[in-house]
Amino acid sequence: MAATEGTVVVKIGTSSLTDMQTGSLRLSVLGPLVEVLTRLRSQGYAVILVSSGAVGIGCARLGLRQRPTAIAEKQAVAAVGQGRLIRLYDDLFSALNQPIAQVLLTRGDFVERSRYVNANRTFTQLLQMGVIPIVNENDTVAVEELKFGDNDSLSALVASMVQAKWLILLTDVDRLYSADPHRDPSAEPIERVWRGMPLQIKAEAHGNSGWGTGGMATKLTAAQIATAAGVTVVITNGKRPDQIPAILAGEPIGTRFEPAPQPVSARKRWIAYGLIPEGSLTLDEGAVRAICEQGRSLLPAGITDVSGDFEAGAAVRLCDPGGREVGRGLVNYSAEELRRIKGKKTAEIPYILGYEGVDTAVHRDNLALLD
């Protein structure tokens, strides 16, 4: 059955799936979630579920009272929990005759272009076959340098990859607030956010449960990634998956992040959010205006500082004089070469480097701006 209503990516976090005291699964949440997603699939939506919980379930299975911090131990615990998690999903979805597939991803699947394209083709085929893919980070094999760190970012990258219409982030609060409502009684709810809208909030870097790795800060990052791709993002209560159809119908539930009116191209989204920056370039104010307001390439003359050790073709952060990241790009020179030609005019480059190089440090076709 081909989808006619668009693709919906639903991410459920550890805090919603598991009991914070024991780490065991909340079947009272899991059951309704499976029912809702199956119903959406029958109504013509393509559905992808990004599910946390493998490490928490593994801890409960092994009698551990807290989430491991050492990478090897966490990988082992995830290997124990992931099998149990997908078995539960398979049992519940099978009761409703809904086929599912397990898809485990690492950051490397987004960094390497060929693997990115292959993963996208796999999702496309599964959705065309009427399958609900259940996605998680492959903690068992992921190395620290190529980890997502949280499933909020993973879900946003998946939504961007498949050009989803919606990304629903199910969490332990009912919407975005100006501060953590668990700790600050004066926190104000925020119902709607547009790209470029300044947010005066205090976002926690980590969740409250001790079992998960996310927090509101990671959800804001996810919203930034997904809305750039034209995806509508909603943060809402993970204990109420029954509200998802109402959200898709336009009811004002949770916090809704409006998509960019002109989505960024797939290549520039890959540069901005798929790649892992290997260094950073600090730009003067003139260079910031040139790339941000005039759509120009970055010239060596506009670079004031170079951080990191990278080769030509690497992804780097582009920062304003105050250190704020304004974009990312693929450099035409190595870090060593850029340190030699930073602040120099284009005509001077051949004499400094001893060969005829390109005029730009980062060409505009390889440069993606960040909101």
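Presented here is a report on the structure given in the accompanying data block.

**Quick look at the overall build of the protein**
Phase 1 of the analysis: Tallying secondary structure elements over the protein gives 13 helices and 15 strands in all.
Phase 2 of the analysis: Within the protein, the fraction of its 371 residues that count as buried is 53%.
Phase 3 of the analysis: For the protein, restricting intrachain contacts to residue pairs at least 6 apart in sequence, the fraction spanning at least 24 positions comes to 70%.
Phase 4 of the analysis: Accessible surface, the protein as shown: approximately 16,800 Å² in total, 48% of it carbon and sulfur.

**Overview of the sheet that holds strand E13 (residues 315-319)**
Phase 1 of the analysis: On the basis of which strands lie adjacent, the open sheet formed by 5 strands has the order E12-E11-E13-E14-E15 and mixed pairing. At either end of the open sheet lies a strand with only one pairing partner, and these are strand E12 (303-308) and strand E15 (367-369). On average, each strand axis in the sheet is tilted by 25 degrees relative to the strand beside it, whichever way the strands run.
Phase 2 of the analysis: Docked against the sheet, helix H11 (residues 285-292) engages strand E11 (279-283), E13, strand E14 (325-330) and E15, running at close to 105 degrees with respect to E11.

**Side note on the pairing of strand E2 (residues 46-51)**
Phase 1 of the analysis: Of all 6 residues that make up E2, 6 are buried, and the element is covered over most of its length.
Phase 2 of the analysis: The two faces of E2 match: Ala 46, Ile 48 and Val 50 on one face and Val 47, Leu 49 and Ser 51 on the other face are all buried.
Phase 3 of the analysis: Sheet topology places strand E1 (residues 7-12) next to E2; 6 bridges connect them, and they run parallel. Bridging across to E2, Val 8 finds its partner in Val 47.
Phase 4 of the analysis: Here E2 runs beside strand E4 (residues 132-137); their pairing, made up of 2 bridges, is parallel. Residue pairing in the sheet places Val 50 in a bridge with Val 135 of E4.

**What about the environment of Val 111?**
Phase 1 of the analysis: One can find Val 111 in helix H5 (residues 108-111).
Phase 2 of the analysis: Between the C-alpha atoms of Val 111 and Ile 276, which are 165 residues apart in sequence, the distance is 7.1 Å.

**Considerations on the nonpolar core**
Phase 1 of the analysis: In this structure, Phe 123, Val 135 and Leu 167 are the most contacted members of the largest nonpolar core, which totals 50 residues.
Phase 2 of the analysis: Mapped onto this core, the elements with two or more residues apiece are E2, strand E3 (100-105), helix H6 (113-128), helix H7 (151-161), strand E5 (166-171), helix H8 (216-228), strand E9 (232-237) and helix H10 (266-274).
Phase 3 of the analysis: For this core, the leading source of residues is H8, giving 7 residues.
Phase 4 of the analysis: Aside from chain neighbours lying at most four places away, what touches Phe 123 is Ile 48, Val 103, Leu 105, Pro 133, Val 135, Val 158, Met 161 and Val 162.
Phase 5 of the analysis: Membership of the second largest hydrophobic core comes to 33 residues, among which are Val 8, Leu 33, Ile 57 and Ile 132.

**Some remarks on helix H2 (residues 27-42)**
Phase 1 of the analysis: Given a rise of 1.5 Å per residue, 16 residues ought to cover 22 Å, and the 22 Å separating the end C-alpha atoms of H2 matches this to within 8%.
Phase 2 of the analysis: Within the span of H2, buried status applies to Val 29, Leu 30, Gly 31, Leu 33, Val 34, Val 36, Leu 37, Thr 38, Leu 40 and Arg 41.
Phase 3 of the analysis: At the exit of H2 stands Gly 44, carrying a positive phi of roughly 110 degrees.

**Notes on the sheet that holds strand E10 (residues 255-257)**
Phase 1 of the analysis: Strand order in the open sheet formed by 8 strands is E3-E4-E2-E1-E5-E9-E10-E8, and the pairing between neighbours is mixed. Looking at the sheet topology across the chains shown, the edges are occupied by E3 and strand E8 (192-193).
Phase 2 of the analysis: Bridge analysis of E3 against E4 gives 6 bridges, and the strand direction is parallel. In the strand pairing of E4, Leu 105 is matched with Glu 137.

**Describing the pattern of salt bridges**
A pair can form between side chains of opposite charge whenever their charged atoms are brought close.
Phase 1 of the analysis: This structure, assessed with the given rule, holds 11 salt bridges.
Phase 2 of the analysis: Here Asp 174 makes a salt bridge to Arg 175, at a shortest N to O gap of 3.5 Å.
Phase 3 of the analysis: On the accessibility criterion, Asp 174 (32% relative accessible area) is partly exposed.
Phase 4 of the analysis: Ionic pairing is found between Arg 240 and Asp 242, a salt bridge with its closest N-O pair at 2.8 Å.
Phase 5 of the analysis: Residue Asp 242 is classed as partly exposed on the basis of its relative accessible area, which comes to 38%.
Phase 6 of the analysis: Bridged by salt links that share partners, the residues Lys 11, Asp 152 and Lys 219 form one connected network.

**Details of unusual backbone geometry**
Phase 1 of the analysis: You will see that Asn 97, though not glycine, has its phi angle at about 60 degrees, which is positive.
Phase 2 of the analysis: Within the secondary structure, Asn 97 is located in the loop between helix H4 (71-94) and E3.
Phase 3 of the analysis: Residue classification places Asn 97 among the exposed positions, given a relative accessible area of 70%.
Phase 4 of the analysis: The phi dihedral of Gln 163 falls on the positive side, at around 55 degrees, and the residue is not glycine.
Phase 5 of the analysis: Note on placement: Gln 163 falls in the loop between H7 and E5.

**Observations regarding empty space enclosed by the protein**
Phase 1 of the analysis: Under the counting rule described, the total for this entry stands at 3 cavities of 30 Å³ or more.
Phase 2 of the analysis: Along the walls of the largest cavity sit Phe 110, Tyr 116, Leu 157, Ser 160, Ile 225, Ala 266, Arg 269, Trp 270, Tyr 273 and Gly 274, which together make up its complete lining.
Phase 3 of the analysis: Only H7 and H10 provide two or more residues apiece to the lining of the largest cavity.
Phase 4 of the analysis: The biggest single contributor to the lining of the largest cavity is H10, with 5 residues.

Rules and cut-offs
- Throughout this description, residue numbers start from 1 for each chain and increase along the sequence as written.
- Owing to the predicted nature of the model, reporting of local features is limited to residues with pLDDT of at least 70; listing and counting of side-chain atom pairs is limited to 80 or more, with chain, interface and lining totals taken over all residues.
- Processing note: side-chain calculations cover all non-hydrogen atoms of the structure and skip hydrogens and water entirely.
- Helix and strand labels come from DSSP, where a helix needs a run of H or I of at least four residues and a strand needs a run of E of at least two; each type is numbered from the N terminus.
- Partly exposed residues are those whose accessible area sits between 20% and 50% of the maximum for their type, while under 20% is buried and over 50% is exposed, using a 1.4 Å probe and protein chains only.
- Here, two residues are considered to be in contact whenever any of their heavy atoms come within 4.5 Å of each other.
- With residues, only the protein chains shown are counted as cover, and all accessible areas are computed by Shrake-Rupley using a 1.4 Å probe.
- Any two strands with at least two DSSP bridges between them are considered paired.
- Angular values range over 0 to 180 degrees, each being the angle between N-to-C directions of two axes fitted as lines to C-alpha atoms, with helices fitted over their stretch in contact.
- Throughout, nonpolar core names a set of buried Ala, Val, Leu, Ile, Met, Phe, Trp, Tyr and Cys residues whose side chains join them through atoms within 4.5 Å.
- Expected span of a helix: the number of residues minus one, times 1.5 Å.
- Salt-bridge detection follows one rule: a side-chain nitrogen of Lys or Arg within 4 Å of a carboxyl oxygen of Asp or Glu.
- Lining residues are those with an atom within 4 Å of a point, where the points come from a 1 Å grid over the protein atoms alone and group into cavities, where a 1.4 Å probe fits but cannot get out, or pockets, open sets with protein on both sides within 12 Å along at least five of seven lines.
- Grid points are joined across faces, edges and corners, and a volume is the space filled by probe spheres set on the points.

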